[in-house]
Structure formats: C-alpha cells, structure tokens
Amino acid sequence: MNNLEQFLYSTKNTHEDDYVIWMAFPGIYSFSLSSLGYLWMFKTLDEIEGISIERICSDTVKTRNRKENVKLFGFSFSFDLDFLTIFSMLEKYEIPLKAEDRGDEYPLIFAGGPVVTANPMPYNSFFDFFIIGDGEDVNIQVAKICKDNKEKSKDEILRLLNNVEGVYVPKFCSTPVKKLTKRLSECIYTPILSEKAFFKNTFILELARGCSNRCGFCLASYLNLPLRFMPYEETLKVIDLGLSKTNKIALLGAQISAHPHFSDICNYIYNKIQAGEKIEMSVSSLRVDAITPDVVKTLVAAGQKNSTLAIEAGSDRLRKVINKNLDEEQIFRAVNIARENGLKGLKFYGMIGLPTETEDDIQALIVLGKKLKDLHKGFDISFGFSSFVPKPHTPFQWCGRENTKSLEEKAAFLKKELHKLGITTNVSSVKWDYWQAVLSRGDENLNNFVLDVYKKGGKLGAFKSAAKENNINTDEYAYQHYSFDKKLPWDFIEMKPGKEFLIKENQRLLAL
Ligand code: SF4
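In this text the structure is predicted, and so the values were computed from the model without any measurement. (Residues numbered from 1 in each chain as written. Predicted model: local features only at pLDDT ≥ 70, side-chain atom pairs only at ≥ 80, totals over all residues.)

### Some remarks on the packing of helix H13 (residues 359-375) against helix H14 (residues 404-420)
- At a minimum axis separation of 10 Å, H13 and H14 run at an interaxial angle of 20°. Classed by the angle they form, the pair H13 and H14 counts as roughly parallel. Between H13 and H14 the crossing geometry is right-handed. The segment H13 lies against H14, with Ile362, Leu365, Ile366 and Gly369 engaging Lys410, Phe413, Leu414, Glu417 and Leu418.
- For the contact of H13 with H14, the residue count by class is six nonpolar, one polar and two charged. (Axes fitted to C-alpha atoms, helices over the stretch in contact; angles between N-to-C directions. Helix = DSSP H or I, 4+ residues; strand = E, 2+ residues; numbered from the N terminus. Parallel < 35°, antiparallel > 145°, perpendicular 65-115°, else oblique. Left-handed = near helix turned anticlockwise from the far one by under 90°. Contact = placed C-beta atoms within 7 Å. Nonpolar A, V, L, I, M, F, W, Y, C, P; charged D, E, K, R; others polar.)

Quick look at the structure:
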C-alpha cells in the first residue's frame, strides 16, 4: 500500500492482535494492480474486522522477520507456470515448499484460481488446501474459520476447512470436491486504482462471467458455466463510480456482448463522451457477434484503434468441430462493421493442432488472410496463433496433442505464407505449449517433477532434464488420446455439466 493507490472502498483500522493474512500475487506489483480477481479477493478480506491483510508480490521488498505473525498465506494461481514464482516467493520468506515439512510454526499455505480449480494434482503436496471455483464467498468463510480457531493446531483447522464446500484439503479429503459457482449479484470492479498499475489508472468492471458458447477446448467457458451477468442498474452505478475517479474504463468478460443490456451500456458511455467527457474505454477481446456498430462506435470514440477477434480456426468445418459456430460470412460482416465505424485494424486469433485439423484447414487460414487483405486494403490485419492444449473439464480433455515437430512445421509454414501476403503473424512457443499440456493433464506423480523444474531454473531445458531425472514420460500426458473409461486425475472435482455430458459432446463434435 502506498500513496499512489486510491481505495474505492472504506478501509478499516488494524490492531496489534489482528489475525494476519498475506494474499500473494505471483508476479510483479504493477501486474497485481491490474488483476481484478486478485484485488477483489483482497478487498473482501480487508473488510473483515479483526483481520489484517497484506498484499505480497514477487517484487515486494522483504523486511526482516516480516513473516513472523502471518497465519495464512494465499496465492492466486492463474497460469500454469505460476508455480515457479510461487515457489520462489515461499523460499524468499524461508518457508519450506512441501506441506509435510511445515510445522505449526509456519502459516497455512493455500492457492485458488483457474489452474488449481481445473486440476490441483501436480501441486498437491505443496499447499495445505486449495479453493476450488469462484472464491469470493468461500474466501471469507475460510478466513473466518482460520481466525476463530487460531489457537488450534494446523491439522485441527484443516479438518474444519475440509468440511467447507469448495475447499480441497489434500491431507484429509476423501470425497469429491464440489466446484463453487457464484451468482453475480454484486458488481466486481477495481477496488484500488493506481497509476503504477500495468493498465495505468484503469477501472476494470466485470460485466459477465463465463461464456455459453462452450468451445470444445475452452477451459474459460467450462470452468465458469453458467454464463452470468452483472445486473444492469448496478452496472451503471458502478460505471459512474469508476468515472468519478478516473477516465479509463475497461469492460471485462469472455462474452460481454451477450449481456442483455450490452448496447445500452455502450450507449451510456458513448453519450457521456458526446456530452464532452473524456473517456478511454477498452474491452477484452471481442467475439465476432459482438462487433455491432454501437460497440465499435463507442470503442472508437473512446480512443481504441484496433481490436482482437477470436476466429480459432480457418475453415467453417473445423470451427463447427470445435463448437465455434461461426461462418466466414459472419467474419467478413464483422470486419466491414469494424472498418466502417472507424477501427484501424483487427488481429485475428486462432489455434493450430486442433482435433481433426488437416492440411486443408491450415490452407483455409491462408485463403482467409488473402481474402481479407484483398477486400480491405489499408486496414491493418494481423494474425496470432497458439497451439491446442487439452484442458481438464472440457470435451477435448481426452484428445492428445499433435507432436511438437509437426506443429512447429505448421507454425513456420503459416508465418511464411501470411508474411508473403503482408500479414504480420505471431505464434506462441509450441514447446512451451507442450509443457502446458503436460501440467494441465498432470497427476500427483508430477509433484517432484515440478519441484525439480523450479530448482533447475524453470527454463525449457529444466523441464526436459527434470522429466528425465524423475523418469517421467511426459509425452503420455501431452500426446496420448485417453479412453473415456480412464480415471482422470481431476475426476474428483465435481463440476457441472459433468463427465457424461463431456463424453457426449466429445463424440458429437468429433463426428462432425
Ligand atoms: S467463444 Fe471464446 S470464451 Fe467462449 S467458449 Fe469459445 S473460446 Fe471460450
């Protein structure tokens, strides 16, 4: 906390005998200030009487004996490679990495966030407990249980937490863990504004959570079902609150365009701009069907020049297989609207190596690029690709990944051919995507592996040599097609719509 931070809620006084919690962000301070989920979690705990909570980032300066009074130390775990920073932060405060090596003199260590909600097993032995699913309410419950029982032993507290819905305690858990789903009856918005934030002084507002499109590979959709929206009246009030403190606003959500009042919300902001308010607005990547004149005109009036469109694949056929349900005509219509209403360019985002992909689908991307270029001279068109990673709790969780060599050839081919058309193309590292797949479908056998990866420095070479030394065939996690009757490491996490649905969806999509 410093004087460059502006709190948008009333902070309370702290006392000597408060129960001390650290909420950690596995990244630098400026990124933490742009992480809405992390900041909101902090705010909800910060409002509890008798609790003193501190934010800790990877670049927080360590002061002597700082950790002495900390009883609970929680980490936000949003990206597969976050474990590297989490381990280094624990070591910085001289806390043993394995839970079994931490006696009652150490704080309880926990993690929450999409990675561990989907599959905590590769990290099982490092945390005392995990929060599975939306953490806004359970976090409060957990903090209160820990505070009210602070005199008890760690094991006694963990047994209490083991009974809380949405909490997974590896040491005591014997039944399935239910993922928690919160209704968005309250608006989630930036509680602390700062010019030090990565998105400087930007007020972020979560307009919708989840996405009903259910693309076969999409963890963000399946993890956050059902799609939920902020109530309209509340949204307008919160927009006013944000704009009374800053002129930068960002609307967040995978499917914000599905908000029943999305056009009204855009118009509300547009009218303010027309009335002379200087507002900069941005939105998270847009779905093609979100490109309407109202939205584009608001974005342009609010200073946005380019936007990103997720098309996922090059051909209508493959888009059907992944459940994207988007045809070429819709893409062209969206580009027309974007251009006619003042955007200067669009970045098209897709994936290579999707299940059933053929050479024709790759060629279709090049054909699409050429058509777009021919039709829209002077409009800035670029492409970005990553490679398919099978994710737990999705219909494609059983699908193995294409091998690294062939994916790298596809990536190089696409880059070369699109470059000839004058299209800039970025492709994420196929090798890193491979390790992401290993971790995504990992089990408890990876615990010592991830520890070794960390000890060896966390670079690509570290992953390779840790796998060798631990005698782990990582190809099995990344490449293998699993049969439906295989027991999956994350099966014990109960999530709607459930495994039967995922099997049916897998069969339906792959047969298209
Ligand atoms: S449209 Fe986007 S967010 Fe929605 S399911 Fe598909 S990939 Fe996921």
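### Considering the environment of Asp374
- The topology assignment puts Asp374 in helix H13.
- Expressed as a C-alpha distance, the spacing of Asp374 and Leu421, which sit 47 residues apart in the sequence, is 9.4 Å.

### A short note on the domain arrangement of the protein
- Here the protein is described as being made up of domain 1 (5-178), domain 2 (201-304) and domain 3 (307-512).
- When each unit is reduced to the centre of its C-alpha atoms, the spacing between domain 1 and domain 3 is 31 Å.
- Among the secondary structure elements, those contributing two or more residues to the side of domain 1 that touches domain 3 are helix H3 (82-92) and strand S8 (177-178).
- The element that contributes the greatest number of residues to the side of domain 1 that touches domain 3 is H3, accounting for three residues.
- By residue class, the composition of the side of domain 1 that touches domain 3 is eleven nonpolar, three polar and two charged. (Domains from an automatic or database assignment.)

### What about the nonpolar core?
- One finds Ile21, Phe129, Phe130 and Leu205 to be the most contacted residues of the largest nonpolar core, which totals 141 residues.
- In this view, Leu205 contacts Cys187, Tyr189, Val238, Ile239, Gly242, Ile249, Leu251 and Leu252; residues no more than four positions away in its chain are not counted. (Core = buried A, V, L, I, M, F, W, Y, C linked by C-beta atoms within 7 Å. Buried ≥ 20, exposed ≤ 12 C-beta atoms within 10 Å, placed from the backbone.)

### Some details on unusual backbone geometry
- Along the chain, Leu225 connects to Pro226 via a cis peptide bond; the corresponding omega equals -10°.
- For the peptide bond that leads from Lys496 to Pro497, omega is 10°, which places it in the cis range.
- Positive phi values are uncommon outside glycine, yet Thr356 reaches one of about 75°.

### Structural notes on the sheet that holds strand S5 (residues 108-112)
- In space, the six strands of this open sheet follow the order S3-S2-S4-S5-S6-S7, with mixed pairing throughout. Edge positions in the sheet fall to strand S3 (51-57) and strand S7 (167-168), since each of these pairs with one other strand and no more.
- Alignment of S5 against strand S6 (residues 129-131), held across three bridges, turns out to be parallel. For Phe110, the partnering residue across the bridge sits in S6 and is Phe129. (Pairing = 2+ DSSP bridges.)

### Focus: helix H5 (residues 138-148)
- Turning to H5, its buried residues number three or more, namely Val138, Asn139, Val142, Ala143 and Cys146. What you see down the axis of H5 is that its buried residues fit within an arc of 135°, all on one side. (Arc of directions from axis to C-beta.)

### Some thoughts on helix H6 (residues 154-161)
- Those residues of H6 lying buried are Ile157, Leu158 and Leu161. The buried residues of H6 occupy an angular sector of 100° when the element is viewed end-on, so they sit on one face.
- Against the buried residues of H6 lie S5, S6, H5 and S7.

### Brief notes about the sheet that holds strand S16 (residues 306-312)
- If you walk across this open sheet you meet the four strands as S16-S17-S18-S19, and the pairing is parallel. Among the strands making up the open sheet, the edge pair consists of S16 and strand S19 (424-427). The sheet shows a mean angle of 20° between the axes of neighbouring strands, direction not considered.
- In the sheet, strand S18 (residues 380-387) pairs with S19 via four bridges, with the strands oriented parallel. Looking across to S19, one finds that Phe385 is bridged to Val427.

### What to know about the environment of Leu84
- Inspection of the secondary structure assignment puts Leu84 in helix H3.
- For Leu84, a count of 18 C-beta atoms within 10 Å corresponds to the partly exposed category.
- For the pair formed by Leu84 and Asn470, sequence separation is 386 residues and the distance between their alpha carbons is 18 Å.
- With sequence-adjacent residues up to four places away left out, Leu84 is seen in contact with Tyr454 and Gly458.

### Considerations on the pairing of strand S2 (residues 19-25)
- The element S2 is extensively covered by neighbouring structure, given that six of its seven residues are classed as buried.
- Pairing geometry for S2 and S3, over seven bridges, is parallel. Along S3, the bridge assignment pairs Phe25 with Cys57.
- Relative to strand S4 (residues 70-76), S2 is paired through five bridges, and the arrangement is parallel. Paired with Trp22 across the strands is Phe73, a residue of S4.

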